[in-house]
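Report on the structure
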Amino acid sequence: MLSRRTAWDRTENALTARVAAARARGQRLIDLTETNPTRVDLVDARPQVALLGHPRGAIYEPASLGHASAREAVARYVASRGGAIDPAHVVLAASTSELYAWLFQLLCDAGDRVLVPRPSYPLFQWLAGPEGVELDGYPLVREAGFRVDLDALERAVRPTTRALLLVSPNNPTGTFVRRDEAEALVALAARHDLAIVADEVFGDFVHGALPADRLPTFAGTEGALTFALGGLSKVCLLPQLKLGWGAVSGPRALVDEALARLEVLADTYLSVSTPVQLALPELLDARGPTLERTRARLAANLAAIDRAIEAGGPSCTVRRLPTDGGWTAILEVPRVLDEDGWARLLLDEQGVVVQPGWFYDLDRDGFLVVSLIVAEAAFAEGIERLVAAVDHASR
Ligand SMILES: Cc1ncc(COP(=O)(O)O)c(C=O)c1O
């Protein structure tokens, strides 16, 4: 009676079950996988949430692509990151995840295909599957700083491929797309009539200064139909407010037609609440202190990793992969245990929760992923335990 595309394997992941059991026993855990920004003592969201109580929100005046003031605020935000977009080319949704679904509906018929980076964020299959869209991975080469393998990407394009997804900075590698890669990606997209969907939700979270060879944003890209995505869940650390956006650019006729169709899709749901749209200009204008606090947290936690590795001496068996930005770090660990084995050992013996690299489709075994937004003291303790335990078990 129910569809094949929703016949998911919903068996609980063994590690998740083990963590839940440890919690149920009352074990104190240091959770290095926490990515919910409202749970890491980083932001007091009450003043921002209070902005939603403004009386203007009492009147419902639906606007399919979003209220003008909110779309103008997105255009100013995009400009602050080096992009140029006409507010009329901005579409709002309840989240970037919802926008992905709309873009799959806009770009793909059932059975069409979309290219996704490997490694990357594991939600794509859940977003594409229900829309009847198939995914093909294209490799990011770890040894080359997760550069796109352009030849492999070109080979992965099929007659039914409709879009090229990229995440910049990527989750979990933290790499921004380089300018030369971006140029090649846009040319490839134009050559094969593909749209570019650039997920830039972590674009504000650069570690230090962005190297000159990295592209800050795809917003405003002209050479191919491009959707640059962002949203409040990361930009303002307010996932509970439910607002994401897409900046549409490219060849004029394509942009106009895409926006006209997105307007119909958005009008069918009108999923973004009026209060959050009206509050968006103030939310974005006031994000500076939260951004600074978050950047300081990311820097402190990266430094804690490096300190723990240094304390392990020159033969320390744990290594941190270089990263440009984002909320995650990848640790390379010896392959004396597989990733699940390490995650289990760290949980059972140290009370430290980490993610195995395979969650993100890394190219081989031997990696653990940690969240860099965890509160500093807990993070430092968790990482010290992790490095010491891995080092001890590897000798
Ligand atoms: C790369 C990336 N894109 C999108 C999202 C989801 O964002 P939203 O809350 O706007 O759906 C996440 C969440 O972790 C993410 O890591």
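Numbering of residues begins from 1 in every chain and follows the order in which that chain's sequence is written. Note on the predicted model: pLDDT of at least 70 is required for a residue's local features to be given, and 80 or more for side-chain atom pairs to be given and counted; whole-chain, interface and lining totals, by contrast, use all residues. Side-chain figures throughout are based on the complete set of non-hydrogen atoms in the structure, without hydrogens or water.

**Things to note about the overall build of the chain**
Helix and strand counts for the chain come out as 13 helices and 14 strands. For the C-alpha atoms alone, the extent of the chain along its principal axes is close to 60 × 55 × 50 Å. Residue exposure (1.4 Å probe, protein chains only): buried if accessible area is under 20% of the type maximum, exposed if over 50%, otherwise partly exposed. Per-residue burial for the chain yields a buried fraction of 54% across its 395 residues. Counting contacts in the chain only where the partners sit at least 6 residues apart, residues at least 24 apart contribute 76% of the total. Each accessible area value is a Shrake-Rupley result obtained with a 1.4 Å probe; residue values ignore everything except the protein chains displayed when judging cover. Total accessible area on the chain is roughly 17300 Å²; 52% of this is exposed by carbon and sulfur atoms. Counted charges follow a simple rule, with Lys and Arg positive, Asp and Glu negative, and His plus the chain ends left uncounted. To locate a charge, take atom NZ for lysine, CZ for arginine, CG for aspartate or CD for glutamate. In the chain, 40 positive and 51 negative side-chain charges are present, and the distance between their average locations comes to 3 Å. Per the convention used, a helix needs a DSSP run of H or I reaching at least four residues, while a strand needs a run of E reaching at least two, with both numbered from the N terminus. When checking whether two residues touch, look at their non-hydrogen atoms; a contact exists if any pair is within 4.5 Å.

**With respect to the pairing of strand β3 (residues 113–118)**
Summarising burial for β3: five of the six residues are buried, a large majority. Here the rule is simple: two strands pair whenever DSSP picks up at least two bridges between them. Bridge analysis of β3 against strand β4 (residues 134–141) gives six bridges, and the strand direction is parallel. Across the sheet, residue Val116 finds its bridge partner in β4, namely Gly137. Two elements, β3 and strand β6 (residues 161–167), share three bridges in a ladder whose sense is parallel. Each residue of the ladder has a partner; that of Val114, found in β6, is Ala163.

**A word on the environment of Gly341**
Tracing the chain through its elements places Gly341 in helix α12 (residues 339–350). Residue classification places Gly341 among the buried positions, given a relative accessible area of 11%. Residues Gly341 and Pro356 lie 15 residues apart in sequence; the distance between their C-alpha atoms is 9.0 Å.

**Concerning the sheet that holds strand β2 (residues 90–93)**
Spatially, the eight strands line up as an open sheet ordered β2-β9-β8-β7-β6-β3-β4-β5, and their pairing is mixed. Where the open sheet ends on each side, the last strands, each with one partner, are β2 and β5 (147–148). Here strand β7 (residues 195–199) runs beside strand β8 (residues 226–231); their pairing, made up of four bridges, is parallel. Paired with Val197 across the two strands is Phe227, which belongs to β8. Every axis in this analysis is a line fitted to C-alpha atoms, fitted for helices over the stretch in contact. Angles between the N-to-C directions lie between 0 and 180 degrees. Each of β2, β3, β6, β7, β8 and β9 (244–249) touches helix α4 (residues 96–107); the most contacted strand, β8, lies at about 160° to it. Contacts from helix α9 (residues 252–269) reach β2, β8 and β9, with the element oriented near 150° to β9.

**Some words on the sheet that holds strand β10 (residues 319–320)**
In space, the four strands of this open sheet follow the order β10-β11-β14-β13, with antiparallel pairing throughout. Single-partner strands in this sheet number two, and they are β10 and β13 (355–356). Two elements, β10 and strand β11 (residues 328–332), share two bridges in a ladder whose sense is antiparallel. By the bridge assignment, Arg319 is partnered in β11 with Glu332. α12 rests against β13 and β14 (367–371) of the sheet, and its axis sits at about 50° to β14.

**Considering helix α1 (residues 14–24)**
Within α1 the residues assigned to the buried category are Leu15, Val19 and Ala22. Projected onto a plane normal to the axis of α1, the buried residues spread over an arc of 60° and lie on a single side. Opposite the packed face of α1, turned more than 90 degrees from it, sit the exposed residues Ala14 and Ala24. Packing partners of the buried residues in α1 comprise α12, β12 (352–353) and β13. By construction, the arc corresponds to the directions joining the helix axis to the C-beta atoms.

**Regarding the domain arrangement of the chain**
Here the bounds of each domain stem from an automatic or database domain assignment. Taken domain by domain, the chain holds domain 1 (12–41 + 289–394) and domain 2 (46–285). Put simply, the middle of domain 1 and the middle of domain 2, counted by C-alpha atoms, are 28 Å apart. Taken residue by residue, the interface counts 26 residues in domain 1 and 28 residues in domain 2. When two parts are brought into contact, each loses some accessible area as probed by a 1.4 Å sphere; the total of that loss over both is the buried area. Both faces combined, the contact of domain 1 with domain 2 buries some 2300 Å², and carbon together with sulfur accounts for 61% of it. What makes a salt bridge here is a side-chain nitrogen of Lys or Arg within 4 Å of a carboxyl oxygen of Asp or Glu, nothing more. At the surface where domain 1 touches domain 2, the tally comes to three salt bridges.

**Comments concerning the site of the ligand**
Residues are counted as near a molecule or strand when any one of their heavy atoms sits within 4 Å of it. By nearness alone, every residue bordering the ligand is listed as Ser95, Thr96, Ser97, Tyr121, Val167, Asn171, Asp199, Val201, Phe202, Ser233 and Lys234. Take Asn171: an N or O atom from its side chain is 2.9 Å from an oxygen atom of the ligand. Whenever a nitrogen or oxygen atom comes within 3.5 Å of another N or O atom, the pair is scored as a polar contact, on the condition that within protein one atom can donate a hydrogen and the other can accept it, and that pairs from neighbouring residues in sequence are kept only if both atoms are in side chains. Ser233 places a side-chain nitrogen or oxygen 2.9 Å from an oxygen atom of the ligand. For the ligand, whose free accessible area comes to 400 Å², the fraction covered by protein is 86%. Secondary structure elements with two or more residues in the shell around the ligand: α4 and α8 (232–235). Among the residues making up the shell around the ligand, the classes are represented as four nonpolar, five polar and two charged. Residues are grouped as follows: nonpolar covers Ala, Val, Leu, Ile, Met, Phe, Trp, Tyr, Cys and Pro; charged covers Asp, Glu, Lys and Arg; every other residue, Gly included, is treated as polar.

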